[in-house]
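Chain residues, written in single-letter form:
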Amino acid sequence: MQFPENFLWGGAVAANQCEGAYAEGGKGLSIQDVMPRGLQGEPTMVPTEDNLKLVGIDFYHRFREDIQLFAELGFKVFRTSIAWSRIFPRGDEKEPNEQGLAFYDALFDTCHEYGIEPMVTISHYETPLHLAKTCDGWRSRRMIGFYERYVRTLFARYAGKVKYWLTFNEINSVLHAPLMSGGILTPREKLSESALYQACHHELVASALATKIAHELMPDALVGCMVLAMPLYPLTPKPEDVIAAMLESNKNDFFGDVHVRGVYPGYIKRYFKEHGIEIETTEEDLRLLRENTVDFVSFSYYVSLCKSAAGEEKSAGNIIEGEKNPYLKESAWGWQIDPAGLRYVLNRFWNRWQKPLFIVENGLGADDVLVDDGAGGKTVEDDYRIDYLRAHIREAGEAVADGVDLMGYLTWAPIDLVSASTAEMKKRYGFIYVDRHDDGTGTLARWKKKSFAWYREVIATNGASL
Ligand code: BG6
């Protein structure tokens, strides 16, 4: 296995899934503070005790200890998000909240003390609740202005501390999860496709604007888009299925196409026309898109699915649904495991966009069992996680051998945290176990799992140990 020199190994988390301290340091409420069931239930509109994210894994108070563990793993990069409502509690203030800014100063400084480069997701499923209520999230063009003020504040403050920036987490997921992804409170079934694509347009313009401002204020910074990558294979070799898979994939690729090429592709214009979708764009919007394309493309990868013209048996996916692939096994949460799909995605994206790629999320959610480690401590024998990650990283290595320009690989998530789709602790991803449970009990103690030593070796040998 040959990975490039200076390959960026590490791990990724999001503020709302790990920080907790939801009302400390002047933070305002975000949509996650009122989504105790993730994608499984309705927002409660006020924080409720059963919402595990209010405490998370208490990363807000324990980040020093956790980053020390990431350093022990040998991380080159640690990806986290900034909670927008720590910086602008309501989202529409003129001045930022100094306490929120100071928290991320401390976090990034700690990363640098350990030689870890932070990567920041500017917006990771945590729109300030006030903006969700007053603007219906990204449906409103006003969001572009609030986001602009937010990013200008971040870039001015963290220039020199943060080199890698991602504008929106899994930007294509807004089509499937409008509230979590776009802060849109109107229920999905009541949203017209025009309203949804209008929200996409606002996010795309905001992303281009952030890229422009980042390049002006931080000449050394690299700005990436971030998409949820999910290959949709034709269910059979029937040409109708191949076309159905292509058309469905287009809806996901649209976001990357605009970020990389700076224009709306022909296939989406045709889709808009044939489905009566009308969106408002200005000359200035189109210029911003054209002139401010991204430096790299980052993505999450967990599962692949199938697509047929007829629409067969549905299978769970990461936010996006599709049909079951009879050749794949699935995780305990029904996500189909497909390491080769990662090589396929990497080649596909590279051939399509010719931009450096960055895998910024990949991992296995599992119900781990904590056992005695024989030395007075606790551990998890998570060989299944090692198997999953080994197989995926090997396929990433195959893609590198295929000629793909791959900047790095980050696992989701190096430490257990609250899951996004189901808002539970039981679905664990980490190399580090956190003693916290779905009923809210637990000491929050951290224990290294078996996979901890394994990943440390992968990084130390730059993948040769695989
Ligand atoms: C991605 C998100 O969709 O997948 C993360 O960017 C999320 O926020 C991850 O946690 C895994 O999904 P889940 O639902 O198992 O937490």
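Structure first, text after, so check above.
Residues numbered from 1 in each chain as written. Predicted model: local features only at pLDDT ≥ 70, side-chain atom pairs only at ≥ 80, totals over all residues. Heavy atoms only, no water.

What about the site of the ligand?
Then, in step 1: If you check the shell around the ligand, you find 14 residues, and the closest are Glu170, Ala420, Ser421, Lys427 and Tyr429.
Then, in step 2: Tyr302 is positioned with one of its side-chain polar atoms (N or O) 3.4 Å from an oxygen atom of the ligand.
Then, in step 3: Contact distances for the ligand include 2.4 Å between an oxygen atom and a side-chain N or O atom of Ser421.
Then, in step 4: Taken by itself the ligand offers 370 Å² of open surface, and the protein chains cover 99% of this.
Then, in step 5: Of the residues assigned to the shell around the ligand, the class counts are 5 nonpolar, 6 polar and 3 charged. (Near = heavy atom within 4 Å. Polar contact = N/O pair within 3.5 Å; in protein donor to acceptor, adjacent residues only side chain to side chain. Areas by Shrake-Rupley, 256 points an atom, 1.4 Å probe, with all protein chains shown as cover. Nonpolar A, V, L, I, M, F, W, Y, C, P; charged D, E, K, R; others polar.)

Looking at the sheet that holds strand E7 (residues 296–301)
Then, in step 1: Ordered in space as E1-E2-E3-E4-E5-E7-E11-E14, the 8 strands form a closed barrel in which the pairing is parallel. Each strand axis lies, on average, 30 degrees off the axis of its neighbour in the sheet, ignoring direction.
Then, in step 2: Alignment of strand E1 (residues 8–12) against strand E2 (residues 77–81), held across 3 bridges, turns out to be parallel. Each bridged residue has a counterpart across the sheet, and for Gly11 the counterpart in E2 is Phe78.
Then, in step 3: Seen against the sheet, helix H12 (residues 339–353) touches strand E5 (222–229), E7, strand E11 (357–361) and strand E14 (406–412) and runs at an angle of roughly 160 degrees to E7. (Pairing = 2+ DSSP bridges. Helix = DSSP H or I, 4+ residues; strand = E, 2+ residues; numbered from the N terminus. Axes fitted to C-alpha atoms, helices over the stretch in contact; angles between N-to-C directions. Contact = heavy atoms within 4.5 Å.)

Notes on helix H2 (residues 59–73)
Three or four residues apart is the spacing at which side chains of an α-helix point the same way, because the helix has 3.6 residues per turn.
Then, in step 1: Taking 1.5 Å of rise per residue, 15 residues should cover 21 Å, yet H2 covers just 18 Å from first to last C-alpha, more than 12% shy of that figure.
Then, in step 2: Bending of H2 peaks at approximately 40 degrees at the position of Glu65.
Then, in step 3: Burial in H2 covers these residues: Phe59, Tyr60, Phe63, Asp66, Ile67, Leu69, Phe70 and Leu73.
Then, in step 4: Looking one or two residues past H2, Gly74 carries a phi angle of roughly 95 degrees, positive in sign. (Expected span 1.5 Å × (residues − 1). Bend = angle between axes of the 7 residues up to and from the residue. Buried < 20%, exposed > 50% of the residue type's maximum accessible area, 1.4 Å probe, protein only.)

Section: the packing of helix H8 (residues 193–217) against helix H9 (residues 239–261)
Then, in step 1: Running from N to C, H8 and H9 point in directions that differ by 30 degrees, and their axes come no closer than 10 Å. With respect to each other, H8 and H9 are oriented roughly parallel. For the element pair H8 and H9, the recorded crossing hand is right-handed. Counting all contacts with H8, which are made through Tyr197, Cys200, Leu204 and Ser207, the residues of H9 involved are Lys251, Phe254, Phe255, Val258 and His259.
Then, in step 2: Classifying every residue of the contact of H8 with H9 by side-chain character gives 6 nonpolar, 2 polar and 1 charged. (Parallel < 35°, antiparallel > 145°, perpendicular 65-115°, else oblique. Left-handed = near helix turned anticlockwise from the far one by under 90°.)

Here we look at unusual backbone geometry
Then, in step 1: In this model, Trp412 is joined to Ala413 through a cis peptide bond whose omega is -20 degrees.
Then, in step 2: Tracing the sequence through the fold places Ala413 in the loop between E14 and strand E15 (432–434).
Then, in step 3: With phi around 70 degrees, Met45 is a residue other than glycine that occupies positive phi space.
Then, in step 4: Its place among the elements puts Met45 in the loop between helix H1 (15–18) and H2.
Then, in step 5: In this structure, Gln354 is a non-glycine residue whose phi angle is positive, near 50 degrees.

Some words on the packing of H9 against H12
Then, in step 1: Where H9 contacts H12, the axes come no closer than 11 Å and their chain directions differ by 45 degrees. For the element pair H9 / H12, the angle class is oblique. Considering how the two elements wind past one another, H9 and H12 form a crossing that is right-handed. Contacts between H9 and H12 involve Ser249, Asn250, Asp253, Gly256, Asp257, Val260 and Arg261 from the first element and Arg348, Phe349, Arg352 and Trp353 from the second.
Then, in step 2: Each residue belonging to the contact of H9 with H12 can be placed in one class, and the counts come to 3 nonpolar, 3 polar and 5 charged.

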